[in-house]
Amino acid sequence: MSSDAPLLEVRNLKKHYPITEGVLKRQVGNVRAVDGISFAVERGETVGLVGESGCGKSTAATSLLRLEEPTDGEVLFEGRDITEYDKKELKRFRREAQMIFQDPTSSFDPRMSVGESVAEPLTVHGMRDRERRRRIVKDLLERVGLSADDIDRYPHEFSGGQKQRIGLARALVLNPKLIVADEPVSALDVSIQAEILSLMKDVQTEFGLGMLFISHDLSVVREICDRVAVMYLGEIVEFAATDELFENPQHPYTRALLSSIPQPDPTKRGSAVELSGDVPSPSNPPSGCRFHTRCPEVIPPEGYDFEQKTWRSVMDLRVRLGRDGVNAEAVREFVASESGQEPESVPADRVRAEIRREFDIPEELSDPRAEEVLSTALRHLANDEQAEGRELLAEEFETVCESSAPELRRTPAGHVASCHLVSEAESNAVSTPSTGD
Ligand SMILES: Nc1ncnc2c1ncn2[C@@H]1O[C@H](COP(=O)(O)OP(=O)(O)OP(=O)(O)O)[C@@H](O)[C@H]1O
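Residues numbered from 1 in each chain as written. Predicted model: local features only at pLDDT ≥ 70, side-chain atom pairs only at ≥ 80, totals over all residues. Heavy atoms only, no water.

An unreviewed UniProt entry annotates the chain as Peptide/nickel transport system ATP-binding protein originating from Halogeometricum limi. You can read under Sequence similarities (unreviewed entry) in the UniProt record for the chain the words "Belongs to the ABC transporter superfamily." (UniProt positions renumbered as here; feature names shortened; annotations may be inferred.)

This is the structure in structure tokens:
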């Protein structure tokens, strides 16, 4: 064990779930829930892991605690790889690294008193002296803002916020070095959230804990984290000191997440960046930069002059063609029903115009060469020649964002992010982002 080593260091961690088919459970693919993430948590530090639902945060937490076996990568705890721990070492690790879950209600056995629940880990780890267990629990209940007299009460007698306090007491009872908190305040009222966050901060300082704090909510993360890793579709796309991330976000995904935080001060309100579509499936992530199918700043193809918003709209059409396709017949029927015509008598140019309208593409692109490509592709689509239209657009309008995956790079702002816009500014790839800022 090295005392210089970070408390926790995650290197290229992957967790893939097999997708199986049929009675023989033949494996037909993988859900790449976590797909090569690296970061570190120092002693006494809180690192946030943020991203939309489904981007792999919870899987990262359970894999790095070895609650489920990682597919690949290393997790070093005080310099030693936990994936190589034997039974005894794993038991010690289970004491030193604790997890707090989102739903305080389901994390307690309703038949056990608070004292029994909080003391359970002590019992499991061999503390036989009942009186000593009760003393420890009473002390902890007071430290988390409850009363020592609460020890013999039952979970249903407490509010959500109080239950999360009890959850915290239980996580602390074995004197851990690391806490992994998965959305610990998301189920609570906003007014209670602030209290619990402040308690977690106090406890963390008092106990000198390292903490991995998982949340989809950037405003919560801002309250408590020293550094923040932003996750998208199984990957970390930006990692920075919290202030730095909020003041100088480098990745378009981070910027989009930040713009959607409600801003109480009207003078500071910007317009929320709208992301197109849903998070794609991690079983078949997009090529290149995984965010390119939704990125508002996706780089236009070389040789054409696009206005950014229009380019995004054209990309939305391309994404749709790649996934579900565009059903020209349905468009024709829609136009017919709107105009009171028979579908057969709807002219092809109306179908093309409707496709443009649906994707918010202008009637005519300002670059005549780009317009020529697009109108040819739309002609194919209106004639039900999907593949031709899709391929023409893919060939002519290829963006670097889909053809090549950006590496995590140190940005001019000093932290790391993976975006072609950033790598153009500075070509300084970092091999491991674990030092973050
Ligand atoms: N046991 C499993 N088998 C197959 N796929 C899984 C399994 N667990 C999670 N996934 C998938 O892995 C991806 C990541 O899920 P995960 O729960 O880690 O995301 P998350 O960011 O924590 O989201 P949320 O906040 O909604 O929990 C999702 O697409 C999810 O459906």
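Observations concerning the sheet that holds strand E4 (residues 72-77)
Spatially, E2-E1-E4-E5 is the arrangement adopted by the four strands of the open sheet, whose pairing is antiparallel. Edge strands, defined here as strands with exactly one partner in the open sheet, are strand E2 (26-41) and strand E5 (80-81). Strands in contact with helix H1 (residues 57-64) are strand E1 (8-21), E2 and E4; relative to E1, the strand with the most contacts, it is inclined by about 110 degrees. (Pairing = 2+ DSSP bridges. Helix = DSSP H or I, 4+ residues; strand = E, 2+ residues; numbered from the N terminus. Contact = heavy atoms within 4.5 Å. Axes fitted to C-alpha atoms, helices over the stretch in contact; angles between N-to-C directions.)

Description of the layout of surface pockets
Of the pockets and cavities examined, the largest pocket occupies roughly 500 Å³. When contributions to the lining of the largest pocket are tallied by element, the ones reaching two or more residues are helix H2 (87-96), strand E6 (97-100), helix H3 (114-124) and helix H5 (160-172). Split into classes, the residues belonging to the lining of the largest pocket amount to twelve nonpolar, five polar and three charged. (1 Å grid on protein atoms, 1.4 Å probe; cavity = no way out; pocket = protein on both sides within 12 Å on 5 of 7 lines; lining within 4 Å. Points joined across faces, edges and corners; volume = space filled by probe spheres on them. Nonpolar A, V, L, I, M, F, W, Y, C, P; charged D, E, K, R; others polar.)

Observations regarding the site of the ligand
Every residue close to the ligand is listed here: Tyr17, Val31, Ala33, Glu52, Ser53, Gly54, Cys55, Gly56, Lys57, Ser58, Thr59 and Pro282. Serine 53 is positioned such that a nitrogen or oxygen atom in its side chain is 2.5 Å from an oxygen atom of the ligand. Here an oxygen atom of the ligand and a side-chain polar atom of lysine 57 are 2.9 Å apart. Considered on its own, the ligand offers 630 Å² of accessible surface; in the complex 59% of this is hidden by protein. Every element with two or more residues in the shell around the ligand is listed here: E2 and H1. (Near = heavy atom within 4 Å. Polar contact = N/O pair within 3.5 Å; in protein donor to acceptor, adjacent residues only side chain to side chain. Areas by Shrake-Rupley, 256 points an atom, 1.4 Å probe, with all protein chains shown as cover.)

Here's the deal with the UniProt feature "domain: ABC transporter" (unreviewed entry) in the chain
Per the UniProt record, "domain: ABC transporter" (unreviewed entry) is found at residues 8-258. In this annotation, residues 8-258 is assigned 37% helix and 28% strand; the end-to-end C-alpha distance for the span is 27 Å.

Details of unusual backbone geometry
Its identity is not glycine, yet glutamate 183 carries a phi of approximately 50 degrees, on the positive side. Mapped onto the elements of the fold, glutamate 183 is located in the loop between strand E7 (178-182) and helix H6 (190-207). You will see that aspartate 384, though not glycine, has its phi angle at about 65 degrees, which is positive. By the secondary structure assignment, aspartate 384 is in the loop between helix H13 (368-382) and helix H14 (386-396).

Some points on empty space enclosed by the protein
Summed over the entire model, instances satisfying the criterion amount to one cavity of 30 Å³ or more. If you go around the largest cavity, the residues you meet are His251, Pro252, Cys289, His292, Cys295, Glu297, Val298, Ile299, Cys401, Cys419, His420 and Leu421. Among the residues making up the lining of the largest cavity, the classes are represented as eight nonpolar, three polar and one charged.

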